[in-house]
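# Summary of the model geometry
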Amino acid sequence: METRAGDPGAFARFDLSRVDSPAFVVDAAKLRANLRILADVRDRAGIRMLSALKAFSMWSTAPIIGEYLDGVCTSGLWEARLAGEFYDGEIATYCAAYKAEDLDEILRLSDHVIFNTAMQIERFRPVIEAARARGDSFDIGLRVNPLHAEGDVPRYDPCAPHSRLGFPIDQLTDAHVDLIDGIHMHTLCEQDFEPLRRTWDVAFDWLEPWFGQFKWLNLGGGHHITRADYQRDELIAFLRDMREDTGAEIYMEPGEAVALDAGILTGTILDTHWNGMPVAVTDISATCHMPDVIEAPYRPAMLGEQVPDEIVDEGQGGAVRLGGPSCLAGDVIGDYRLPVPCEPGRRFAFLDQAHYSMVKTTTFNGVPLPSIWLWDSETDALECIRAFGYEDFRGRLS
Ligand SMILES: Cc1ncc(COP(=O)(O)O)c(C=O)c1O
């Protein structure tokens, strides 16, 4: 996959030696800039905008997110607890399948509880009724799969053939609609406006018989709204029409767009050698710290990477294969023309690492977790929010 982010922004002037290594550094000013864009779309379209915790749940930034958005969406009990503990506003929880023992607490914490199939709602009807009887206030949604694929990569396409995600829209009946307050759809990944419009064109025909009955329609995430070239005016006009056509409150729940280009992951070269090309081992591991590099796969952009026609010193201009300290042969981040000499102790950073990296880290091989720093590029204030130690590795094992 090609990353369409990777704008260094204020990180172009950040001195990497101000933080330890490896470390995530999140720019609060960039976060606020993204949130202002999302809040503006929300206000002009007259919709509700939630932040998806699965992408970015650095909860020390919850007060910033709460200043701009209407709440968060969560993926199950633990994220719902995190939301209840730290985040302001509404909580919308969707999980592909709930466990009976989790549901009571989820119903208590959440304003919207979204199920993946109508059968699950039927099965848990007694639990739902009991929660309402004890005074919990929530509404029930159903995630539908509009059976219209827009993704290039099946792994990131919830509408790929035989997908488990979402109730096939062609199976929806009056009896199902009677069970629910709202419809949820999450079908996109890092996409522009047009794929959303095409998806809604398909879903519209299926859902039209029930327009007027839905309290809300939630368009999920995958919308790259904060990217500079996203078609925001078209989106706003579309959302207004959608509200009018359906008579429902419209929700969006972007994750990546909240933290787009708002964080870096900085590391250090530990050792180098030659094996047909320069090779360097670093304290950043693809598998432990940026698993999407292997899973997607994609090549993260590097802060200050030299482009071939700007190379002045050919000695430093050749690409270096960068990999992590783990035993996995495939723990390779990519080939890079470094902005610094390729020698032990040198610092470098990958761009656009605030979302879907911090939330996915592991301590495989006993590789240390990156610390988490908050920087404000407007004031230059810098704070270490969290550093991890051996106890964090030990605590996950027994
Ligand atoms: C149900 C749901 N909502 C929201 C999101 C957030 O998507 P993104 O971070 O791509 O905007 C996802 C991502 O997988 C999702 O599954």
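Right, let's walk through the structure included here. Owing to the predicted nature of the structure, the values given are computational and were not obtained by experimental measurement. (Residues numbered from 1 in each chain as written. Predicted model: local features only at pLDDT ≥ 70, side-chain atom pairs only at ≥ 80, totals over all residues. Heavy atoms only, no water.)

This next bit is on the site of the ligand. Contacts to the ligand come from 14 residues, most closely from Lys 54, Gly 222, Glu 253, Glu 256 and Tyr 356. Side-chain polar atom of Lys 54 to an oxygen atom of the ligand: 2.9 Å apart, as the coordinates give it. Contact distances for the ligand include 2.9 Å between an oxygen atom and a backbone N or O atom of Glu 256. Its free accessible area being 400 Å², the ligand has 88% of it covered by the protein chains. Cavity membership is defined here by more than half of the atoms lying within 2 Å of grid points; on that basis the ligand lies in the largest pocket. (Near = heavy atom within 4 Å. Polar contact = N/O pair within 3.5 Å; in protein donor to acceptor, adjacent residues only side chain to side chain. Areas by Shrake-Rupley, 256 points an atom, 1.4 Å probe, with all protein chains shown as cover. 1 Å grid on protein atoms, 1.4 Å probe; cavity = no way out; pocket = protein on both sides within 12 Å on 5 of 7 lines; lining within 4 Å. Sits in = over half its atoms within 2 Å of the grid points.)

Mapped onto the elements, Asp 27 comes out in strand β1 (residues 23-27). For the buried Asp 27, no salt bridge is present, and the opposite-charge side chain at shortest range is Arg 32, 6.4 Å distant. In terms of polar contacts, Asp 27 uses its side chain to reach the backbone amide nitrogen of Ala 29, at 2.9 Å. In this view, Asp 27 contacts Ala 10, Phe 11, Ala 262, Trp 375, Asp 376 and Ser 377; residues no more than four positions away in its chain are not counted. (Helix = DSSP H or I, 4+ residues; strand = E, 2+ residues; numbered from the N terminus. Buried < 20%, exposed > 50% of the residue type's maximum accessible area, 1.4 Å probe, protein only. Lys, Arg positive; Asp, Glu negative; His and termini not counted. Salt bridge = Lys/Arg side-chain N within 4 Å of Asp/Glu carboxyl O. Contact = heavy atoms within 4.5 Å.)

So, on to the nonpolar core. Phe 56, Trp 200, Leu 207, Leu 235 and Leu 239 are the most contacted members of the largest nonpolar core, which totals 98 residues. Residue contributions to this core peak at 7 residues, all from helix α1 (residues 28-45). Formed by 14 residues, the second largest nonpolar core is a distinct cluster that contains Leu 16, Ala 23, Val 25 and Leu 351. (Core = buried A, V, L, I, M, F, W, Y, C linked by side-chain atoms within 4.5 Å.)

Tallied over the entire structure, the rule returns 14 aromatic pairs. Residues Trp 200 and Phe 204 carry aromatic rings whose centres are separated by 5.8 Å and whose planes lie at 80 degrees to one another, so their mutual orientation is edge-to-face. Taken as a pair, Trp 200 and Phe 204 lie in helix α8 (residues 193-207) at a separation of 4 residues, close to a single helical turn. You'll find Trp 200 and Phe 204 in the same group, each marked buried. Between Phe 204 and Phe 211, the ring centres sit 5.0 Å apart and the planes meet at 85 degrees, which makes this aromatic pair edge-to-face. Both residues of the pair, Phe 204 and Phe 211, belong to the buried class. In textbook terms, an aromatic cluster arises when at least three aromatic residues are bridged by ring pairs, as seen for Phe 11, Phe 14 and Trp 375. The ring of Phe 124 has Arg 123 lying over it, and the distance from NZ or CZ to the ring centre is 5.8 Å. (Phe/Tyr/Trp six-rings, centres within 6.5 Å; stacked < 30°, edge-to-face > 60°. Lys NZ or Arg CZ within 6 Å of the ring centre and 35° of its normal.)

Moving on, we come to a nonpolar patch on the surface. Together, Ile 294, Leu 328 and Phe 364 make up an exposed nonpolar region whose accessible area comes to about 240 Å². Classification of Leu 328 by relative accessible area gives partly exposed; the value is 36%. (Patch = residues over 30% accessible without salt bridge, like charges linked within 9 Å, V, L, I, M, F, W, Y side chains within 5 Å.)

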